[in-house]
Structure formats: C-alpha cells, structure tokens
Amino acid sequence: MSALPVDLDLAWRSLPELLAGLRVTVLITVLPLMFGLALAFPICFARMAERRWQSLPAEIFVVFFRGAPLLILLYVVYYGFGQIALLREGPLWLLFGSPFGCVIVALTLNHAAYMTEVLRGSLLAVPSGIVEASEALGISRRHIFIWVKMPLAIRYGLKAYQNEVVSFVKGTAIVSVVTITDLTAVANGIFEQTYDPFTPILCAAALYWAFINLLRIGFELWGRWLARHQREEDSPRTAEAPGRFGLRRLSRLAKAML
Amino acid sequence: MTNLSPAEIAGYLRQLGEGALVTLELFLTSFAAAFVLGVLIGVVTLSRSRIIRAVWRVYASIFMGVPSLLVIFLIYYGGSAMLSAVLGELGAGVDISPFGAGVAAFAAVYAAYIAELVRGAIDNLPKGQFEGARALAIPPLVMWGKVILPQAMRLALPGLVNVWSFMLKETPLVSLAGLQDLVASAKIAAGATKEPFLFFIATALVFIAFSALTLRLATVLEIRLDRGVRRPDARASAGAQA
Amino acid sequence: MTTLTLRHRLRRTSAVLVMLTLGAGLSPASAEKLKLGNEGVYPPFSMVDSAGKLTGMEPELAREMCKRIGADCEIVVMDFKALIPSMLQGKFDGIVTQISPTPERVEKALFAMPIVYNPATFVVKKGSNYTLTKEGVTGKGLRIALQRGASMVPYIHKHFGKDTFVEVYYDNPDQMKLDLLAGRLDLVFDSKINWTLELIAKPEGKDYELAGGDHWLGDPAIPEAERGYSWIFPKKSEELVKRVNAALTEMIKDCTYTKIRKQYVPVATLSSEAACDKTN
C-alpha cells in the first residue's frame, strides 16, 4: 500500500453524500449558535446580578454545562430523557423524541454556558469610565447597555467569540453517536463499507477546514468593519479604488486564515 | 427503580472507576506530550527562516481547523498504514491502540495551540532579556531554559489552563475509537442497567469535579509564579479570559 | 570501592536479565498466541456481563475452538463497524463474530465455514402493515434502524434504494432496541434470531412482530444449503483457517457446538447440527 492512498475516484463519487452531511453540520451549528446566544443574555444578567438567589443558579448552570463534556451531554439528553416514560407520553416528546431535537437542545445548552462567560468577560472589559460618563450625562441604564456597553463589549469579545464558534463547529463532529448523519457520520459510513480510512476522512477534514476558515474570514471582516474608524487613512497615492478587492487586502485575509 | 441487585450496580460502578483511571492516564499522557511538543514547536518556529514559518502556518491552520475526532479516527484506522509507508516493514508490525491513537491525535492538535501560546508569550517578553543574556555570554540552551522559558510560562499560564480544561473535555472522544475509558464504561453500564441518567450524570460530575480541582491548583500556581511581578491588570485579563 | 561493587552488580544483573530473555525466547513450542475480535454487544451471540467478562454463544465457541487448535487466544471487544477494518489493518488474527459473505468481503478476507444461519428480517410494531417492497415504502419517510458497517446497509440500498427510508445508524442492537421501544423508529432491519430472542419473546416486545420474511445478505450465488455467516481471517492465513474449520467440524460432530449453543440460543442455528438436536 503506497503512502496515503487517497482514492480520487471514491472521493469524487462520495462528494454529493459528503456535501449533504456538510449541510447537516451547518444546520446543527447555526441553530444552537442562535439559540445559545439568545439564552446566554438572561443567564449572563442573572450571573452578574448582585442578589445571590439570582446569581447562584446561573453559576451552577454555567459550571455544569461548561464542565461536562459535550458527548456526555448528548448521551444524557438523548438516552436519559428517552427513558422517562412521562416525557414519552407528553407533548415535549415532539422535541426529545427526534434525535435532531435532542442534539439542538444539548448543543444549545452547552453553547449558552460558554457564551455566558464570553459575554460576561466582554462586558467586564468595558472601561468603567465610559459607563460612568454616560450615567453622568443622564442616559438611561437601558440605553447605556444597548448603545454604549454592548457595542464595546462586542469589540472586546470578538476574538473570544470567534474562538468559541470555531471550537463549537469542531465539537459538532460527535453527533453521530445519537444517530444524526452529519459530515463526520457520512465519512465514517463510507469508511465502514469500503474499509478505506483515508479518502473519506481526509475529504471530510478538508470540508470542515473550508467551513471553519470561511467563518474565520467572516469574523475577520466583521472585526475590520467594527474597527473601521480606527484604520489609518491611506495616502491618495496608494489608496485603492473603492469597490476593488485589491491584492493587498486578499493577502491580508489569507494571512488571517493561516 | 431498577430490577438489578446492588451487587450488580456496584460491579458496574467499579468498571466506571477503572475507566476513570484510563481516562486520567490518557489525559495526563496527552497533555504532557502536547506540552513538550508545543514548547519545542513554539520555540523552533520563531526562527527567521521563511520555510519554517510557512510550515508552521500550514500545520497550525490544519490542526486548529479540523475536528479532533477526525484526527483520532485517521490515526487509529490509518495509522499502521501510514507507519508502514514511512518505516517500511518495521512500521507494519506496530499496532496502534486506541490509547496510542488518542495520545498522538491530542498531541498533534494541542501542540499547535500550545505552540501559539508560547510564541505569543515569548513575543511579549522584553527584547532586553535576549540581549542581556547575549551580553553576559550565557549559552543559548541555558538562556532558553533558565531565562526565557520560565518567564514565557508565566505569561502563557492562563492560556495553558484553558488548553488543559479543553483537552480534558475532549478525552471522551477516544471512547468512540474503542478505548475502554470512563465514558465507554458509563455507556455500557447505562445500557445494561437501563439507568442512563444515573451513570451519565455521575460521569459528568466526575469531569466537572476534576476540572474544578485542577482550576484551583492552577490559580495557586499562578499566584506563586507571579511573585516578584506586579500585575495590576491581572484581574481584568482573568475576567476577559473566561 | 563502592563504585566498583555497584558496576559489578549492574553487570551481573544485566547478564542475568539477558539470559532470562534469551531463555524465554528459546522456550520450546509455547502456545500460539492469537488476537481475535468480537463485537461484544450482540445478544445472545455475544454480551459483556456485569463483571466485565465477555460471554455469549460466539465467544464460548471461540474459546472451545482455540483449545482444540492449541492456541492461546485473546478475545478483544470492539464495535462491529471497527472489526473488519481493524483486521485488515493487522490488529487482529481473526474475527469471531458472524460475518455475512458479501462479494466485497470475500474479496478482502478468508471466510471459515458457516457458524450460524441467521437471516435478516424487519421488526415492526404490531398492526403497522407496511408493504415491505421498494414501491410500498417510497415516500413514507419511515425511520429504519441499521447497524454501522453491517451488510444490511448495502442490502437495503440495493433492494430499496438509498433515499426511500430515513436511515438511522447505530453501533449495536441494544441501542436500536432502546430507540424502537421509545418510539423513535418505525422499523429495524437486523438478524432474525437475535430479535426473536431479545425482543419478541420477552414481555417488553409484546407490541412488536417480525415482518417481511427472511433476507439472505450474503452473495446470492451461494447455494441455499451452504448459506451461513462465518468467522473471518486475514487473506494470508490459509493454514489457520484449515485448522479452525477442522476444529469447528469436530465440535459440530461431537455435539459440543450444540451444547454451547443451547446455553444461549434455544433454536438450532445450523442445519448440520440436526443429528445432535434429537434431544431438543
């Protein structure tokens, strides 16, 4: 057997299946990211509250769902809840009966716990002086939060958010244990029938890499847009024509990927 | 609750204990390997050679952009084929166990993260450290070992703690390659006793407890390493780090 | 003075160690060591009890066979999907779990003689009345359980198409049973003997039945009389397979096979054990 026999023929034939798996992976990434972020806000507020009866449950939530490995969470939600007869008869079975629902629930809870901490760190990083100045100017607390704290928090927390999103995408690779056919599951399926470990796994790895780097480019662009007021003005001589995707920008983006 | 005798439950709990030892073994071995490899790679790739830096960028991009599970499967199922391609007949005889595949995979992936941390830490050291060592004619190995790296470790510590907790939570992945670790034992016990909640939540608590314990030790270590250095923004950086 | 004694002692110990290792290597005809794979979660053919010991019809048969061929066998438990790839990689000297002889597999490994006849069938909820043909299930979105790496998968793809069922993959029948009972599945396509004994015959299986008849998953070219699942071995082990076949034939003839089989499976699993089955 020669080194790394990547069967290009098999790779080409499996591409449609792999792409279908990628679609599932994207779906189980995007939905928990949205729900988890939404869930993170109230939990973060509770966490940062002064009253113990609010902050303690939030703390326990974060410690549990961040400290427990995702694989265990999936098992608990899928097998654990599946055993409760009461749940099986009730309306919640629509959610927990479907493996897809279980996966979304487990991933959302896990992501929410991480996002609570990212949010908390970002909010804490906002310089208190700016907040105090806003209060002195008589701006309401709600407005301070929406127009002063959050925009700054997003800028401070962007890198941490990006790291969490990338880790999250990589973490979704295990959902095949609860019967969801994501990209990894498709690759494994091809391996289990053809006994060729390299081709399907390397193809799947390439697709994950492409997806993750697309996300990273997105974050890089977002970060640049957020910091647009801080960018140095190009001198008229070297300024690029608006709308043209210059070579310099491309190479800077490429550096961001690697 | 269940139709099993306490003796049987005790039997399964004992299997869980044995599995926990395997997990611990896997985790500590992997972290040690990743650490040593990461520091080495981190130092070497600071070189001015363009080739080395390009290789670093490619390696880092690949291993930080691909799920660890795929790396584990690739090494476990494809490992012996890869070894026999590189080492010939000698390689074909080596049997890669799930444990070996797990350590190799984690070392390869997390060495990249650790190397990045080490590079960042060394970059943040005042250039005077290097210049002073050169002025005092300190041999390079001693300079790295006794001057640069200890200071770099102090700066990299929060990041290293992060890698520690993260890797800990990825160790269950190796059970999917067949390692009889804590998670695999819990799954068998849960299936046989029809008590998934009991065993899986117990397993989760073990991980959380271990993580919390080591986090506490890390804080102690951080305080100890910070002696003699005033870090006025330590609290803010720790807050943003979470 | 001390250093000399120390060095002298070290030399002595290493000399002793060298002699011991050489001696161990030169020991006369020690038992042949074989590493065999078994899936471990395929009741009643294989299961792991609460003490962590691998038991069931196939491990016991394997242990008896190893005794007869004079080999020291270590049976390793591994998910079914990983068994064949691992053996092809050289991790095992053989697999002692029933494997169906599909043309693709026969190309890659050596099959010993059939060890069980265990056709596949559908397991459905009583009263579901599915028409189990390609036309009958198209468009219904029925969720079917399949085992990863098993020949059931290409069989369904070939006879029912790739997208007719919603395929749900599992690592072993225990997981399938949990989900079937929880209502997450409409059908299971797996081996008849297992599901008859582990579900239909048990009280929890009162709402379920077998349907769709027997399906032979191996090469259709194999004549009916010779059909059965076998243990498999790497391509180069013709000698070993000859000895295994000899041992198995002996075991069937002197009814040891039937004796072991009766401990786990009440029905006959091979037509050749008919002679021993008189006392059934």
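Source: prediction; values computed, not measured. (Residues numbered from 1 in each chain as written. Chains lettered and ligands numbered in written order. Predicted model: local features only at pLDDT ≥ 70, side-chain atom pairs only at ≥ 80, totals over all residues.)

Undergrad: Honestly, the environment of S230 of chain C in this entry has me stumped. Any pointers?
TA: Note on placement: S230 of chain C falls in strand β12 (residues 229-234). In this structure the C-alpha to C-alpha distance between S230 of chain C and S100 of chain C, which are 130 residues apart in sequence, comes to 6.6 Å. (Helix = DSSP H or I, 4+ residues; strand = E, 2+ residues; numbered from the N terminus.)

Undergrad: Even after reading the chapter, I still don't get the interface of chain C and chain B, so can you show me in this structure?
TA: Accessible area lost upon the coming together of the parts is a frequently used measure of interface size. Taken together, the contact pairs 12 residues of chain C with 13 residues of chain B. Split by residue class, the side of chain C that touches chain B holds five nonpolar, four polar and three charged. (Contact = placed C-beta atoms within 7 Å. Nonpolar A, V, L, I, M, F, W, Y, C, P; charged D, E, K, R; others polar.)

Undergrad: Sorry, what's going on with the environment of F31 of chain B here?
TA: Residues and elements named next belong to chain B. Tracing the backbone shows F31 in helix α1 (residues 6-44). Measuring from C-alpha to C-alpha, the distance between F31 and A81 comes to 26 Å, with 50 residues separating the pair along the chain. If we skip the residues at most four places from it in the chain, F31 touches W164 and M167.

Undergrad: Honestly, helix α3 (residues 80-88) of chain C in this entry has me stumped. Any pointers?
TA: Since the α-helix turns once every 3.6 residues, residues separated by three or four places project in the same direction. Most of α3 of chain C sits inside the fold, with eight of its nine residues counted as buried. Within α3 of chain C the residues assigned to the buried category are F80, K81, A82, L83, I84, P85, S86 and M87 of chain C. (Buried ≥ 20, exposed ≤ 12 C-beta atoms within 10 Å, placed from the backbone.)

Undergrad: How should the pairing of strand β5 (residues 94-99) of chain C be read in this particular structure?
TA: Across a regular strand the side chains alternate sides, sitting on one face of the sheet and then on the other. Residue and element names in this part refer to chain C. In terms of burial, β5 is a largely internal element, six of the six residues being buried. Direction of pairing for strand β1 (residues 32-38) relative to β5: parallel, over a ladder of two bridges. Paired with L36 across the bridge in β5 is G94. As paired strands, β5 and β12 are joined by two bridges and run antiparallel to one another. Each bridged residue has a counterpart across the sheet, and for I99 the counterpart in β12 is S230. (Pairing = 2+ DSSP bridges.)

Undergrad: Explain the sheet that holds strand β7 (residues 120-125) of chain C here, please?
TA: One key point about sheets: their strands pair by backbone hydrogen bonds, in either a parallel or an antiparallel sense. Residue and element names in this part refer to chain C. With mixed pairing, five strands are arranged side by side in an open sheet as β9-β8-β10-β7-β11. Among the strands making up the open sheet, the edge pair consists of β9 (166-170) and β11 (208-215). Shown here is a sheet whose adjacent strand axes are inclined to one another by a mean of 30 degrees, direction ignored. Pairing between β7 and β11: five bridges, direction antiparallel. Bridging across to β11, V124 finds its partner in E209. Each of β7, β8 (143-147), β10 (187-191) and β11 is contacted by helix α6 (residues 152-160), which is oriented at about 140 degrees to β8, the strand it contacts most. Against the sheet, helix α8 (residues 192-200) contacts β7, β10 and β11, and its axis sits at roughly 170 degrees relative to β11. (Axes fitted to C-alpha atoms, helices over the stretch in contact; angles between N-to-C directions.)

Undergrad: Explain the nonpolar core here, please?
TA: What tends to happen in soluble globular proteins is that the nonpolar side chains get buried as a cluster. Within the largest apolar cluster, 185 residues are counted, with the highest numbers of intra-cluster contacts made by L74 of chain A, L70, I72, Y110 and I114 of chain B together with I95 and V188 of chain C. Per-element tally for this core: the top contributor is helix α5 (residues 98-123) of chain B, with 17 residues. Each of domain 1 (33-117 + 229-279) and domain 2 (120-215) of chain C contributes no fewer than three residues to this core. Once residues within four sequence positions are removed from consideration, V188 of chain C is found in contact with F122, V123, A145, M176, L180 and W195 of chain C. (Core = buried A, V, L, I, M, F, W, Y, C linked by C-beta atoms within 7 Å. Domains from an automatic or database assignment.)

Just distances and angles here, no functional claims.
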